[in-house]
Amino acid sequence: MRLRPSTRSAAAFKPRVSLTSDAGLRHRHHPVLSRLPTSPSLPHLLQAHARLLVLGLDAHRASLAHLLALCAALSPPAPPRYFRLLYAAIARPNVFASNNLLRCLARSDCDAARDALPFYDHMRRAGIPTNNYTFPFLLQACSRDPVFGEGTQVHSHAVKCGLEEDLYVRNAFISFYSSCGELNHARRVFDEFPGQRDLVSWNAILTGYARAGRTDVAQELFDRMPERDPISWSTMIMGYVQSGALEKGLELFRELVGTGLTVNEATLVTVLSASAQLGLLEVGQFIHSTIRSMDFPFTLALGTALVDMYAKCGCIELSRHTFDEMKQRNVFAWNAMICGLATHGLGKETLELFQRFLGEGLRPTGVTFVGVLNACSRAGLVAEGRRCFKLMIEEYGIEPEMEHYGCIVDLLGRAGLVHEAYELIQRMSMAPDPVLWGILLGACKVHGLVDLGVSIGNKLIELEPEHDGHYVLLAGVYAKANRWEDVAKVRRLMAHRGTNKVAGWSLMEVHGTVHKFVAGDKEHQDSVEIHKTLEMVIMRLTEAGYSPDVSAVLHDIGDEEKVHVMKEHSERLAIAFGLMVVERGRPIRIVKNLRVCGDCHEFSKMVTKVNLLKTVQILEWLVLDQELEHTEKQVNVIQKHLEGETVEMPLEFDVETER
């Protein structure tokens, strides 16, 4: 068998035979080990081991093998040096001790896990037999850094040992091939002996397809399962969320709660992340109430996910309350709260929280500074933003990444310091990405810098000719300068290249049902009433002094026609529907995939001011909102820690308004 070269020789695993004691001949472990608690910690094992040494039982085979088995079950895993020494002290180790060393290697870091195959080779050369536990532990170790060729070699050895029909071995191979992305091989093992399957077999193949984004096949398998456990449900929910089918994942979670099965922490973090991404407050509150009803421990991971969810769903006060309730907070929790405050434009509060964070003795990360710099940008705190950027580099030695530059460019651009932002981009140590140029182009549009805007817009179109947002932004620069012929040229170029603008939509959640609107929507079941309500609202606002700003409409048409185009933007239809169905005094919350145009922003403020004591809150999903992307990374890190690798799902939408 060809094995991966290891820096450690087989001698590292060679047992040391005691020449001074016959204790190794005993068949039962010593009573010292019987006094250990049911789930001992590493200090417990070290104390017991020391006691054995004091009693002169340093080579007691059964006791040392039992200690090794307890090491294999420790969480966190035992240090590799310790369990290697334990194994080396056993005279003539049997398959039980050898399997437990394999298990220890499998649960250790990747460096230690790489020694599993060389050790297996040593077992064979030393004449130590194998059994149906050997191969699952070996494959578990190989899965830490999966190499397909090694797995096939192990598979052939298992067949030679007559274990090809063993359930435990087959399940191990399904998991290994799935971790390699070799789903055809995993499915072949799964289908080969239909009578040799259990719940673990089904969950293993289900996980393979879910991780690969094959949710259609995973759903088919899920529907065929003779029984399901919390892992089955968790796998499907995570699969849907990671593949972007957030609503389907949340729907499955409701079904899971209805079954009465236990919900694990990884699932709760996943669905909280999904509800945050969709801005579905009612769903998020349902998940929170489920956590309470289950009397689930309020862990760091759950607390951080709840802080993030409430912030992204527009409830910054609930987010703060949850953060304050957390008995322990790590950097992830602080980052979620800092980024949440920044998202809501609370610059002063963000900086105050950042000072509290530093006062706790914690060290900020790159994500921390993304939140702080974004807060400065949104609040127009130019001096503070510059100071924090300098602090990040000089005090904490954090090299600026694209997100940090994006925040600073946005800060300068909003303040009208567009040329300074341009010079900063030119001085960057890395090549600026299209998002950075897009931020600057947006600033050029706002401040009427046509020549610079045209130069940047053309550069962006060269960099990403398929990205519709660049064409729209460039057309906006021309439109603001009344250069309608150039606007038409940009649109023709867009059409010639087959680039279609992303359709704008607005989501609203009412009594557990999500309603979706697009510009000029006539498909909603209450469409007639919605349009009547909108006309009434416009009339009320006009009487209160509202005057439409038609500059956002990129068509060379009359102002009256532009007003008609704008009044049917999706967020206005959603607002009208909200006024119809949301209880008096409660806020209307809307989630958009595109940035709200200036006039719709003013419109929503006027509705809040004039109409029926209802607050309108519009949450935008934007690529340029870097803190949202980073908080998602934090949630994914939590998920990886809880239940293995996850796939990040950046939701990239156009950064422009509906036209």
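All figures in this text were calculated on a predicted structure; none of them were measured in a lab.

So what's going on with the pairing of strand E1 (residues 505–510)? Which residues, and what values?
Side-chain positions along a regular strand alternate between the two faces of the sheet. Within E1, 6 of the 6 residues are buried, which leaves the element mostly enclosed by the surrounding structure. Neither face of E1 is left uncovered, since the one carrying Trp 505, Leu 507 and Glu 509 and the one carrying Ser 506, Met 508 and Val 510 both have all their residues buried. In this sheet, strand E2 (residues 513–518) lies alongside E1 in antiparallel orientation, the contact comprising 6 bridges. Within E2, the position partnered with Leu 507 by the bridge is Lys 516. Counting the residues in the hairpin turn of E1 and E2 gives 2 residues, including His 511, whose phi is positive at 50 degrees. Where E1 and strand E3 (residues 588–592) come together, 2 bridges link them in antiparallel fashion. Bridging across to E3, Leu 507 finds its partner in Val 591.

Tell me about the packing of aromatic side chains, and please be specific about residues and values.
Tallying each qualifying case throughout the model produces 16 aromatic pairs. Geometrically, the ring pair formed by Trp 334 and Phe 357 is edge-to-face, given 5.7 Å between the ring centres and 65 degrees between the ring planes. In this pair, Trp 334 is assigned in helix H20 (residues 331–343) and Phe 357 in helix H21 (residues 347–359), connecting sequence segments 23 residues apart. Taken together, Phe 323, Trp 334, Phe 354, Phe 357, Phe 369 and Tyr 396 form an aromatic cluster joined through their ring pairs. Between the NZ or CZ atom of Arg 197 and the centre of the ring of Phe 190, over which it lies, the distance is 4.0 Å. In this structure, Arg 254 packs its charged tip against the face of Phe 286, placed 4.3 Å from the ring centre.

Go over the packing of helix H3 (residues 61–72) against helix H5 (residues 95–107), please, and point to the residues and values.
A packed helix pair is summarised by two numbers, namely the angle formed by the two axes and the spacing between the axes. Relative orientation of the contacting elements H3 and H5 amounts to 25 degrees, with a least axis distance of 8 Å. Here H3 is positioned roughly parallel relative to H5, judged by the angle of their axes. Two packed elements cross with a definite hand, and for H3 against H5 that hand is left-handed. Of the residues in H5, those in contact with Ala 65, His 66, Leu 68, Ala 69, Cys 71 and Ala 72 of H3 are Phe 96, Ala 97, Asn 100, Leu 101, Arg 103, Cys 104 and Arg 107.

Describe the pattern of salt bridges, naming the residues involved and giving the relevant values.
Taken as a whole and assessed by the stated rule, the structure comprises 15 salt bridges. The residue Asp 115 makes a salt bridge to Arg 84 at a minimum N-O spacing of 2.9 Å. Of the two residues, Asp 115 is situated in the loop between helix H6 (110–113) and helix H7 (116–125) and Arg 84 in helix H4 (residues 80–88); the sequence distance between them amounts to 31 residues. When sorted by exposure, Asp 115 lands in the same class as Arg 84, which is buried. The partner of Arg 414 in a salt bridge is Asp 410, with the nearest N and O atoms 2.9 Å apart. Placement of both Arg 414 and Asp 410 in helix H24 (residues 402–414) is noted, with a separation of 4 residues, approximately one turn of the helix.

So what's going on with the side chain of Ser 201? Residues and values would help.
In this fold, Ser 201 is placed in helix H12 (residues 199–211). On the accessibility criterion, Ser 201 (0% relative accessible area) is buried. A polar contact of 2.4 Å, which involves the side chain of Ser 201, links it to the side chain of Asn 171. In terms of polar contacts, Ser 201 uses its side chain to reach the side chain of Asp 198, at 2.9 Å. Non-local contacts of Ser 201, meaning those with residues more than four positions away in its chain, are made with Leu 167, Asn 171, Ile 174, Phe 190 and Gln 196.

I'd like to hear about the environment of Ile 237, residue by residue, with values.
As for its placement among the helices and strands, Ile 237 is situated in helix H14 (residues 230–242). Sequence spacing of Ile 237 and Leu 256 is 19 residues, and the spatial spacing of their C-alpha atoms is 9.5 Å. Those residues within four positions of Ile 237 in sequence are excluded, and the remaining contacts are Gly 249, Leu 252, Phe 253, Leu 256, Thr 267, Thr 270 and Val 271.

So, the nonpolar core: which residues are in play, and what are the values?
Ranked by internal contacts, the top residues of the largest apolar core, which has 100 residues, are Leu 68, Leu 138 and Ile 287. Other than its neighbours up to four places away in sequence, Leu 68 contacts Phe 83, Leu 86, Tyr 87, Ile 90, Ala 97, Asn 100, Leu 101 and Cys 104. Core analysis: the next-biggest nonpolar cluster, separate from the first, contains 63 residues, Val 418, Leu 424, Ala 443 and Leu 474 among them.

Quick rundown of unusual backbone geometry? Include the residues and the values.
Note the cis peptide between Ser 75 and Pro 76, where omega equals 0 degrees. Within the secondary structure, Pro 76 sits in the loop between H3 and H4. One non-glycine residue, Arg 92, lies in positive phi territory at about 50 degrees. For Arg 92, the location among the structural elements is in the loop between H4 and H5. For Asp 295, which is not glycine, the phi dihedral falls at a positive 55 degrees. Checked against the element boundaries, Asp 295 lands in the loop between helix H17 (281–293) and helix H18 (300–312).

The rules behind these values
- Residues numbered from 1 in each chain as written.
- Predicted model: local features only at pLDDT ≥ 70, side-chain atom pairs only at ≥ 80, totals over all residues.
- Heavy atoms only, no water.
- Buried < 20%, exposed > 50% of the residue type's maximum accessible area, 1.4 Å probe, protein only.
- Helix = DSSP H or I, 4+ residues; strand = E, 2+ residues; numbered from the N terminus.
- Pairing = 2+ DSSP bridges.
- Phe/Tyr/Trp six-rings, centres within 6.5 Å; stacked < 30°, edge-to-face > 60°.
- Lys NZ or Arg CZ within 6 Å of the ring centre and 35° of its normal.
- Axes fitted to C-alpha atoms, helices over the stretch in contact; angles between N-to-C directions.
- Parallel < 35°, antiparallel > 145°, perpendicular 65-115°, else oblique.
- Left-handed = near helix turned anticlockwise from the far one by under 90°.
- Contact = heavy atoms within 4.5 Å.
- Salt bridge = Lys/Arg side-chain N within 4 Å of Asp/Glu carboxyl O.
- Polar contact = N/O pair within 3.5 Å; in protein donor to acceptor, adjacent residues only side chain to side chain.
- Core = buried A, V, L, I, M, F, W, Y, C linked by side-chain atoms within 4.5 Å.

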